[in-house]
Each structure stands twice: as structure tokens, then as C-alpha cells.
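# An overview of the molecular structure
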Amino acid sequence: MRRERPGGGEGSRRRRGGGKRCGGSLRAGKSRENGQGERYRGRSRPVCRAPVGGREEGALIRYSEYLMPTSKETPSDAEVVSHRLMLRAGLIRKVASGIYNYLPAGLRVLRKVERIIREEMDRAGAQEVLMPAVIPAELWKESGRWEAYGKELLRFRDRADREFCLGPTHEEVITDLVRREIHSYRQLPLNLYQIQDKFRDEIRPRFGLMRGREFFMKDAYSFDVDEESAAVTYRKMYDAYGRIFRRMGLEFRAVEADTGAIGGSSSHEFMVIADSGEDAVVSCERCEYSANVEKAECPPDGSERPSSPSPGTPRKVSTPGKRTIEEVSSFLGIAPGLLLKTLLFETDKGDVAVVLSGSHEVNETKVKNHLGADWVKLAGEERVRELTGAPSGYAGPVGLSVRVLADHSVRGIACGATGANEKDAHLVDVVPGRDFQPEAYADLRLVEEGDRCPRCPGPLRFSRGIEVGHVFRLGTKYSKSLSATYLDAGGKERMIVMGCYGIGVGRTAAAAIEQHHDPDGIQWPVSIAPFEVCVLPVTMKNAALVKEAERVAEDLSGKGIEVLFDDRDERPGIKFKDADLVGIPLRVTFGEKNYEAGYAEIRDRKKGETVRVGISAIADRVCAELDLKRKECAP
RNA sequence: CGGGACGUAGCGCAGCCUGGUAGCGCACUUGCCUUGGGAGCAAGGGGUCGCCGGUUCAAGUCCGGCCGUCCCGACCA
């Protein structure tokens with residue numbers, strides 16, 4: 001049983017963060033006059049206007065009183081860095097699968113993420129609202145999603161046996177609100193957002209805050225009179241998202257995403273680039289083009305020549321036991337790129353053969369979209385025999401009785417080889433257009449590293465990404481099902497055109513860690529760090545030193561800086577390790593020798609560099625360093 | 001929901017095969033010592049071995065059921 005019991009929780013609170021509570025803080029207490037008053041002031045005192053960074057108030061938190069239980073060891077169920085480090089740094093604790101407590105420092109991070117989102121949403125003209133987490137079933141029944149959504153929707157009944165669900169998303173609620181309040185084109189456009197607790201009963205929660213069941217999400221919904229106006233709103237949101245993630249110091253890409261079953265005209269996913277990302281992203285080395293793998297286009301690159309029928313016929317050759325592209329290619333001495341790979345699909349639109357160059361892989365999403373199908377599935381061994389009369393590995397388009405689609409790459413094969421639809425036999429000298437006629441040439445393959453960008457001559461590169469945001473043009477899907485309409489200037493009733501825009505708050509924080517960490521711990525970008533500076537007296541036994549360190553800490557917080565004052569009576573090594581682990585961007589260290597000489601040190605967590613500075617100049621220097629770091633998080 | 005694994009002190013684990021006194025490291029408490037990168041010595045506290053049932057003189061260990069958790073696949077912020 002991993003769960004902490006009440007008693008255990010208390011114990012763990014004292015373990016490290018609150019550790020040495022008696023010994024340590026009593027001694028530390030001597031260095032300040034009155035524990036309680038000081039403590040109150042340190043926690044929530046509003047501080048005078050800040051000259052630095054436009055911030056209004058700072059903070060001075062005493063570590064000895066703060067619940068930030070760090071640990072050297074990693075809980076065994078944490079797999080990815082961000083999850084491990086959030087646990088080790090005392091930011092979160094698990095309550096149940098996919099459900100977490102946010103401890104004080106973790107909550108500080110989330111609040112900062114939220115704050116940046118709020119500022120940019122407001123700037124973009126959106127208005128904040130707050131919708132309920134508990135939603136009556138009627139709304140979901142009306143949109144048809146009560147049945148369609150599946151088990152991810154957590155349903156329950158109240159005391160009067162009325163049905164409710166926990167909201168996994170809020171299209172129904174917002175559309176209901178808007179259809180009641182909006183009746184005229186004069187009230188549009190409108191863009192409403194909230195930052196709210198969502199619940200999705202995920203089949204498989206994992207990776208800590210990266211994929212929880214309960215999580216904070218910013219969701220925005222826009223309402224416009226027509227597609228043109230909706231496109232403007234979409235662009236505004238797209239731009240706002242760029243500002244948001246830049247301000248958080250994240251390296252990201254806005255990638256074109258497949259709109260899939262939802263339809264709609266366009267959709268972009270905002271991906272934070274990180275090796276541990278769950279999604280594959282392709283982007284151009286030269287221009288701005290980025291797409292996720294399903295969506296990435298592979299247009300004909302011009303090297304393909306149109307196939308003009310030429311005289312002759314294909315020749316059958318014996319290829320005993322040669323089924324794979326590699327086997328056939330080396331057996332016949334023909335390059336894989338000249339093989340006509342033929343794949344058979346079962347779909348809701350009937351059976352289809354897809355032909356592409358042997359050096360490429362098929363993209364099922366593209367096949368599905370091309371056919372306008374709801375589903376496609378690679379045919380099994382049995383079905384392949386039924387359709388071709390041969391075991392798999394010997395299928396070919398010549399003489400095949402199902403629909404044949406060809407990838408653009410097939411056009412480049414003037415004379416190729418393919419399966420003969422007969423066991424242990426292939427055809428050579430096969431000419432597309434002469435020996436078989438595809439119903440269409442289309443983009444049906446998966447992109448590959450080094451492919452030419454569809455927008456420019458640059459090469460495409462692969463990377464991994466974490467989807468932290470998604471913007472979507474919804475069209476009239478929900479306004480239709482929930483009949484949200486308005487009257488235009490001519491008095492005519494029209495459907496409101498919608499868009500929706502999400503950002504995962506906790507996931508964004510997790511993504512920031514994935515992108516900014518080293519073996520010692522987190523390296524927060526200043527804009528979302530729980531604290532900006534850690535003031536660290538190396539010993540609590542030297543009263544004068546502690547007092548001076550505290551004075552500097554107060555000075556900094558008075559300037560609007562968020563300070564963690566490590567007043568724990570711990571050995572220096574422990575304090576250093578904790579400051580690194582928690583990832584506070586700057587550390588001001590008061591050591592005895594330096595102090596006697598009138599100096600302290602400022603250490604940069606990310607660069608790992610330390611500078612020795614006269615104590616009287618510390619505050620100014622810290623402000624300057626922070627300003628530089630804040631500029632790195634410029635929108 | 002399918003496939004795999006795990007559940008023993010707050011955390012990380014051993015013990016189980018071959019049934020017989022519940023252990024180790026870290027953390028915690030006390031004392032000494034130490035004080036610029038998770039020190040050292042000594043003495044302590046802490047466990048319904050996930051739950052229920054069965055086999056047995058005897059179950060952490062063997063058997064059955066249940067619960068929980070994690071990993072791999074289809075979904076998503």
C-alpha cells in the first residue's frame with residue numbers, strides 16, 4: 001500500500017521540509033525577534049511596488065516552516081523525469097491513480113502558469129468565466145455525447161436520482177449559456193475561457209501530471225458570425241498561444257494536426273519539443289512548416305515522370321519464399337524503391353489496395369481521409385488470400401479485382417517489380433498505367449526524415465513533442481446540435497460559428513521540466529519557477545551571518561522578488577542539493593569565510609556558474625540577473 | 001478493455017522457490033561529533049507482510065477469490 005496514511009503524512013511532512021522542526025527552527029528563531037509576527041509577514045505580506053520586472057509583490061518563505069518534502073530516492077512508480085522530479089522536489093503527491101495533491105511549491109508553479117495564460121487570454125480579448133465541474137446529463141444527452149463519449153465520462157446520480165457527469169470538456173455547457181444569452185450579430189464575436197478542474201476517467205493515466213484523470217485545463221470557446229470572422233479569432237488564439245509558451249521559456253512548435261473524425265477546417269497542436277514526448281513531430285529545417293506525423297504532407301517531388309504506356313508485358317519470375325521487400329529486393333537485384341509494394345485494406349467503404357514504392361511506409365490516416373472512410377484496417381492473412389489467391393507477400397496490383405490507389409511515389413517507377421498474386425512468384429517489368437491503372441494517385445505515405453518540405457525546398461526533420469495546447473475550428477457542429485443561433489443584420493437566423501482552444505496547465509508545467517532539467521534536478525524558467533531566488537546560509541550556528549542573510553532575503557522580497565530562505569539547520573550539502581533539485585533559478589549563498597570578508601555568492605542554477613559579490617551589492621546584482629532571465633522569457 | 005508485472009516500516013528493497021524468531025539501506029527520535037555538495041559513531045521508535053477465505057500443528061512464504069498500483073497497446077490538454 002503506497003498511499004500515505006494520515007499519520008504517515010504527518011511524519012513525512014516533518015521528514016525533510018519541516019525537518020529539524022524542534023532543533024532547527026528554535027535555534028533559527030533566535031535570530032529573529034518574534035517568530036509568529038515575522039512568519040506572518042514573510043508569508044503573505046504585500047510588499048511595496050516592485051522596480052523589477054513589473055511585479056507587484058514578492059514573497060519570503062522560510063523553508064523550515066514550509067511543506068516542501070524533498071527526497072533523495074525516487075518512488076518506483078514514476079517513469080518519466082518530470083514525474084520523478086515533481087515527486088522528489090516535494091511539489092506533488094499522489095492520492096489515487098491519475099489524481100494528485102498539489103503541495104505549496106507545486107501549486108505556486110501552477111498558479112504562475114495560469115497567470116501567464118490569463119494575461120494573454122485577456123490581452124487577446126477573451127473573457128474569463130467559470131463553469132461547474134458537475135454537469136447535468138440532459139445537456140450531454142442533447143448533444144448526443146452522453147451515449148457517444150464512452151467510459152471516459154464519469155457519470156453518477158444525485159440524491160434525487162438525477163443523472164450527472166463530471167465535465168471532461170465544456171462545449172455543451174458553454175453553448176447552452178451562449179444560446180440563452182446571444183441572439184444578435186451585435187453581440188458577436190465573443191470568446192469565453194475558464195481555467196478549471198477537468199475529469200476524464202482515462203483508461204490509462206500515467207506519467208504524473210502529464211496524463212492525469214483530474215487536471216487543470218484552460219479551455220476557451222469562441223463564437224463568431226461567420227467562417228471569415230472565426231478565422232480571425234482563430235489566428236488571435238494561435239498568436240496568443242505562441243506568446244504564452246514563449247513566456248514560459250518553452251521551445252515549442254505549432255504543428256498542423258489531422259482534424260480526424262471531428263472534421264473542421266483547421267487545427268494546430270502546440271507541441272513542446274522534448275525527447276520524452278509521446279508524439280512524433282516533423283518540421284522543416286528552413287521554414288516554419290511543422291506537422292504531426294499523420295498529417296505531414298508528402299506531395300509529388302517532381303522527380304516522378306508521368307507514366308506513358310509503352311509496349312511490352314510484365315514477366316513472371318520465380319521467387320520461392322521471398323516475401324518481404326528486403327528479401328525480394330536482394331533476390332531480384334532490384335532497389336527497394338523500384339518495388340511496387342501492395343497493401344490490402346478492409347474499410348467501411350469496401351476493400352482497397354494501396355500501392356506505394358517499396359522504400360516507403362503507408363499512412364493509414366491518409367488512406368482513411370482519402371476514402372472518406374470511418375475506419376480502415378490492414379487486411380489479415382485470411383483476407384489477403386481471399387482477395388489475391390496467394391499468401392501475403394505476393395500481392396500486386398496487376399489483375400487485382402479490388403479498388404487500387406497509388407501513392408505519388410509509384411509514378412516515379414517507370415518499370416518496377418511487384419507480387420504476382422501467386423505463391424512464390426513476382427512480376428518484373430511492370431509499368432504503372434500500362435499494366436495496371438490506379439483509380440487515383442494520391443499522397444498516401446508516411447513522411448520520412450529528410451523528405452522535402454511541402455512548403456519550401458528545405459529538408460524535414462523529426463522530433464518528439466508533448467502536446468500542451470490545441471486550437472481548433474469547430475464550425476457549427478455544436479451550434480447545430482444545441483441550436484445556438486443569432487439573427488444577422490438582415491433579420492435572418494444563422495448558426496454561430498465556433499472554435500475551441502485548450503491548454504493543459506499541469507501538463508505544461510511537466511513539459512517545462514522535461515525540457516529544463518539536469519541530473520541534479522529541475523531548472524525552471526524564471527517565469528514559472530516556484531521561487532526566483534533561494535537565500536542559503538551555509539550554517540545556522542553563526543548568528544551574525546544568518547541575520548545578514550535574512551536581511552538580504554527581506555531586502556529582495558521587498559523589491560518584489562519571490563524568495564525561499566533556507567533557514568533549516570541542515571548540513572550545507574543537503575541545502576545545496578535541495579535548492580538544485582527544486583530548481584530555483586538563482587541561489588545566494590552565505591558561507592562563513594566569504595561573510596567575514598563581506599561577500600556572498602550568487603549561483604546560476606542553469607549555467608552552473610558562481611560569482612562572488614560584495615554583500616551590499618547582492619540585491620542589485622540579483623535584480624539584474626533576474627531581469628536577464630525574464631528577458632529570456634519574452635513573448 | 002487486452003497483454004505483462006508488482007503489493008513486506010514514510011521511501012527504496014530483500015525474505016516467498018524449499019512454511020517455523022520479519023530484515024536491510026535511506027528517512028525519523030535522542031546524544032556525541034561534524035559543518036561548502038545528500039557525513040560519522042552510538043542508542044532508539046516505527047509493521048493488521050494489500051484484503052478475504054482455504055490448506056497446515058504452524059502461512060509474509062502454498063492455494064483460491066477480490067482490491068490496488070505500475071509498464072506496453074487504442075484516446076486526449
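Rules used in this analysis
Residues numbered from 1 in each chain as written. Chains lettered and ligands numbered in written order. Predicted model: local features only at pLDDT ≥ 70, side-chain atom pairs only at ≥ 80, totals over all residues. Heavy atoms only, no water. Pairing = 2+ DSSP bridges. Helix = DSSP H or I, 4+ residues; strand = E, 2+ residues; numbered from the N terminus. Axes fitted to C-alpha atoms, helices over the stretch in contact; angles between N-to-C directions. Contact = heavy atoms within 4.5 Å. pLDDT = per-residue confidence, 0-100. Buried < 20%, exposed > 50% of the residue type's maximum accessible area, 1.4 Å probe, protein only. Parallel < 35°, antiparallel > 145°, perpendicular 65-115°, else oblique. Nonpolar A, V, L, I, M, F, W, Y, C, P; charged D, E, K, R; others polar. Core = buried A, V, L, I, M, F, W, Y, C linked by side-chain atoms within 4.5 Å. Domains from an automatic or database assignment.

In this section: the sheet that holds strand 1 (residues 59-62). Within a sheet, each strand pairs with its neighbour through backbone hydrogen bonds, oriented either parallel or antiparallel. In space, the six strands of this open sheet follow the order 1-29-28-30-31-32, with mixed pairing throughout. Two strands lie at the open edges of the sheet, namely strand 1 and strand 32 (610-614), each paired on one side alone. Each adjacent strand pair in this sheet contributes to an overall mean axis angle of 25 degrees, direction not counted. Note: strand 30 (residues 586-590) against strand 31 (residues 599-604), four bridges, orientation antiparallel. When the bridges of strand 31 are listed, Arg587 appears paired with Arg603. Taken strand by strand, helix 19 (residues 615-632) contacts strand 28 (533-537), strand 30, strand 31 and strand 32, and its axis lies near 140 degrees from that of strand 32.

Let us look at the confidence of the model for chain A. In the predicted model, chain A carries a mean pLDDT of 86, and 88% of its residues have values of at least 70. Long-range and interchain partners of residues 1-55, a stretch whose pLDDT sits below 50, account for 82 contacts in this model, where long-range means more than four residues apart.

Structurally, the position occupied by Ala509 is in helix 15 (residues 505-515). Ala509 gets classed as buried once you look at its relative accessible area, which sits at 0%. Measuring from C-alpha to C-alpha, the distance between Ala509 and Val468 comes to 9.3 Å, with 41 residues separating the pair along the chain. When near neighbours in sequence (up to four residues on either side) are disregarded, Ala509 contacts Met86, Val109, Leu110 and Trp524.

In terms of residue burial, strand 30 counts as a mostly covered element, since five of its five residues are buried. Alternating positions in strand 30 separate into two faces, Leu586, Val588 and Phe590 on one and Arg587 and Thr589 on the other, with burial throughout. As paired elements, strand 28 and strand 30 share five bridges and run parallel to each other. By the bridge assignment, Cys534 is partnered in strand 30 with Arg587.

Among the structural elements, Ala231 can be located in helix 9 (residues 227-247). Take Ala231: its relative accessible area is 30%, and that puts it in the partly exposed class. Sequence-wise, Ala231 and Gly499 are 268 residues apart; in three dimensions their C-alpha atoms are separated by 9.1 Å.

The next subject is the packing of helix 4 (residues 81-88) against helix 15. Where helix 4 contacts helix 15, the axes come no closer than 8 Å and their chain directions differ by 100 degrees. Classified by the angle between their axes, helix 4 and helix 15 sit roughly perpendicular to one another. Side by side, helix 4 and helix 15 meet where Val81, Ser82, Leu85 and Met86 of the first sit next to Ala509, Ala510, Ile513 and Glu514 of the second. Of the residues in the contact of helix 4 with helix 15, the class split is six nonpolar, one polar and one charged.

Time to look at the nonpolar core. General note: in soluble globular proteins, nonpolar side chains tend to be found buried as a group. In this structure, Ile117, Tyr241, Phe245, Met248, Phe270 and Trp524 are the most contacted members of the largest nonpolar core, which totals 68 residues. Looking at this core, you find at least three residues from each of domain 1 (17-74 + 530-632) and domain 2 (108-297 + 460-511). Residues contacting Phe245, with those up to four places away along its chain left out, are Leu250, Phe252, Phe270, Val468, Gly469, Ile503 and Thr508.

Glancing now at helix 4. With seven of its eight residues buried, helix 4 lies for the most part within the structure. Of all the positions in helix 4, only Val81, Ser82, His83, Leu85, Met86, Leu87 and Arg88 are classed as buried. Residues of helix 4 that are buried sit in contact with strand 2 (92-96), strand 3 (99-102), helix 15, strand 26 (517-518), strand 27 (521-522) and helix 17 (572-582). Positive phi appears at Gly90, one or two residues downstream of helix 4, with a value of about 70 degrees.

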